[in-house]
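Take a look at the letters that make up each chain.
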Amino acid sequence: MTQVTDHGGGVRSLRVPIPDNPLGHTLVYVVDTDRGPVLIDTGWDDPGSWDTLAQGLTACGTSVAEIHGVVVTHHHPDHHGLSGRVRQASGAWIAMHAADTAVVRRTREARPEHWYAYMAARLAAAGAPEEHIAPRRRPGHRTLPGLSPALPDRDIVPGELLDLPGRRLRAIWTPGHTPGHVCLHLEEAHPAQLPGHGRLFSGDHLLPGITPHIGLYEDPDDTTVTDPLGDYLDSLERVGRLAPAEILPAHQHPFPDATARVGALLAHHESRLADLSALLAEPLTPWQLAERMEWNRPWDQIPHGSRTIAVSEAEAHLRRLVKLGRAEAVPGSEPVRYVAV
């Protein structure tokens, strides 16, 4: 049975399952407007997830066919996956930040072989062993979800109010988890009169008990050296300054006191950077660093796909340390090794 939570003030949430994923579900928010309900995120593109979304909307007294629009916090498949199906059933518009729309467009246009060849090359450059890279070299290796996501038809413009009649929902650009991740600030009095400034739909940017994955922004055709962890930390501080009364995240559960959570995450990442600096007393490749980093389980128990994500996170931390002048690449090393300075 679909679990619906009424958060007051014309906002409800549905727990839409993510198949075979420890996160369990995406919290899809249903926001009433003068032109009909608008969804914030839609959940994973899976038959069971679709059924849960449809049943939840019925429990809210509406239906998929009545959805006026879909606001997507970021392009990941547990958030954007069902957007196209909702649009097909209702005629709803789909809005996303232009940076993530570019990712969606690239994903739709690129041949899967191009992406897998790029990923194999990136893993090799990071020092991954051949047995880890080999599955990505095999024709027919097609396990990535969301290879044909819906193309949004509206841009979310940072700092501007979204076109939601009867509501004040302002877009806050919070890059880090993805280049176009947005939080959405509901600039209305909290229905329970909690102290603070409205409510914030935080997507994956700010979660009550876990830290979002911060990896490299992957674009096979762009050689720009990005700093996603630096972007994320800057975005955290921006959200902290908003001081919302309540956070409505895309996973786990709503929570108050964004300022305290932002402070805890900033401290966590500074501690993690310090730990990595200590590990880099000896030169290490990104793969070797990932092997030595502290994860939620021992490295030998981390599955193949999660190791790839872990290496990307190690590289994002290395980028940050290099930018801060706390690490540098060892000249002439191949694959490249990094050492603390």
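Scroll up a little and you will see the structure.
Undergrad: Explanation requested: the overall build of the protein in the structure shown.
TA: A count of helical and extended segments in the protein gives 10 helices and 13 strands. Taking 341 residues into account, the globule formula puts the C-alpha radius of gyration at 20 Å, and the protein, at 20 Å, falls close to it. Dimensions of the protein, computed from the C-alpha atoms along their principal axes, are close to 60 × 45 × 35 Å. Within the protein, buried positions represent 49% of all 341 residues. Looking at the protein as shown, the accessible area adds up to about 15,000 Å², and 51% of this sits on carbon and sulfur atoms. For the protein, the separation between the mean place of its 31 positive charges and that of its 42 negative charges on side chains is 1 Å.

Undergrad: Whenever I open this one, the sheet that holds strand S9 (residues 182–186) confuses me. Can you help?
TA: Neighbouring strands of a sheet are bound in pairs by backbone hydrogen bonds; such pairs are parallel or else antiparallel. Strands sit in the order S8-S9-S10-S11 across an open sheet of 4 strands; the sheet is mixed. In this open sheet, the two strands that pair with only one neighbour each are strand S8 (169–173) and strand S11 (246–249). With strand direction ignored, the average angle separating the axes of adjacent strands in the sheet is 25°. Contacts from helix H7 (residues 228–242) reach S8, S9 and strand S10 (199–203), with the element oriented near 150° to S8.

Undergrad: Would you take a moment to explain the pairing of strand S3 (residues 25–31) for this structure?
TA: Within a regular beta strand, the side chains point alternately toward one face of the sheet and then the other, so they alternate between its two faces. Burial of S3 is extensive: 7 of the 7 residues sit out of reach of the surface. Burial along S3 is two-sided: His25, Leu27, Tyr29 and Val31 facing one way and Thr26, Val28 and Val30 facing the other are all buried. The pairing of strand S2 (residues 11–17) with S3 spans 7 bridges and is antiparallel. By the bridge assignment for S3, Pro17 is matched with His25. Where S3 meets strand S4 (residues 38–40), 3 bridges bridge the pair, whose relative direction is antiparallel. Among the inter-strand pairings, Val30 is bridged to a residue of S4, identified as Leu39. Hairpin connection between S3 and S4: a loop of 6 residues separates the two successive antiparallel strands, and Gly36 in this loop has a positive phi of roughly 115°.

Undergrad: Mind showing me how you'd approach the environment of Val341 here?
TA: On the secondary structure map, Val341 appears in the segment after strand S13 (338–340). Look at Val341 and you get exposed, because its relative accessible area is 59%. In this structure, the C-alpha to C-alpha distance between Val341 and Val322, residues 19 residues apart in sequence, is 9.2 Å. Leave out the neighbours within four places in its chain, and Val341 touches Gly325, Arg326, Ala327 and Glu328.

Undergrad: Sorry, what's going on with the packing of aromatic side chains here?
TA: Note on aromatic pairs: each is described by the distance of the centres and the angle between the planes. If you walk through the whole model with that rule in mind, you get 2 aromatic pairs. Centre to centre, the rings of Tyr29 and Phe201 are 5.2 Å apart; their planes meet at 65°, and the pair counts as edge-to-face. With Tyr29 in strand S3 and Phe201 in strand S10, this pair connects stretches of sequence that are 172 residues apart. In this structure, Tyr29 and Phe201 share a single accessibility class: buried. Taking the centre distance of 5.4 Å and the plane angle of 90° together, the rings of Trp287 and Trp299 count as edge-to-face. Here the residue Trp287 occupies a position in helix H9 (residues 286–292), and Trp299 occupies one in the loop between H9 and helix H10 (304–323), the gap between them amounting to 12 residues. For the pair Trp287 and Trp299, one class covers both residues: buried. The ring of Trp295 has Arg272 sitting right over it, with the charged end atom 4.9 Å from the ring centre.

About the criteria used
- All chains use their own residue numbering, which begins from 1 and follows the written sequence.
- For a predicted model such as this one, the threshold for reporting local features is a pLDDT of at least 70, and the threshold for listing and counting side-chain atom pairs is 80 or more; totals across whole chains, interfaces and linings nevertheless cover every residue.
- Derived side-chain values reflect all non-hydrogen atoms in the structure, with water molecules and hydrogen atoms excluded from consideration.
- Helical segments are the DSSP runs of H or I of at least four residues, strand segments are the runs of E of at least two, and each set is numbered from the N terminus.
- Only C-alpha atoms enter the radius of gyration; for comparison, a globular chain is expected to reach 2.2 Å times N to the power 0.38, where N is the number of residues.
- Buried residues are those whose accessible area, probed at 1.4 Å on protein chains only, stays under 20% of the maximum for their type, while exposed residues exceed 50% and partly exposed ones sit between those limits.
- The Shrake-Rupley method, run with a 1.4 Å probe, gives the accessible areas here. Residue values count only the displayed protein chains as cover.
- Counted charges follow a simple rule, with Lys and Arg positive, Asp and Glu negative, and His plus the chain ends left uncounted.
- For charged residues, the charge sits on one atom: NZ in Lys, CZ in Arg, CG in Asp, CD in Glu.
- In this analysis, strands are considered paired if DSSP registers two or more bridges between them.
- Note on geometry: axes are lines fitted to C-alpha atoms, helical ones only across the stretch in contact, with angles between N-to-C directions running from 0 to 180 degrees.
- Should any heavy atoms of two residues lie within 4.5 Å, those residues are counted as being in contact.
- For this analysis, a ring pair means two rings from Phe, Tyr or Trp (six-membered ring only for Trp) whose centres lie within 6.5 Å, classed as stacked if their planes differ by under 30 degrees, edge-to-face if by over 60, and tilted for the remaining angles.
- Sitting over a ring, as applied to charges here, requires NZ of Lys or CZ of Arg to be within 6 Å of the ring centre and within 35 degrees of the ring normal.

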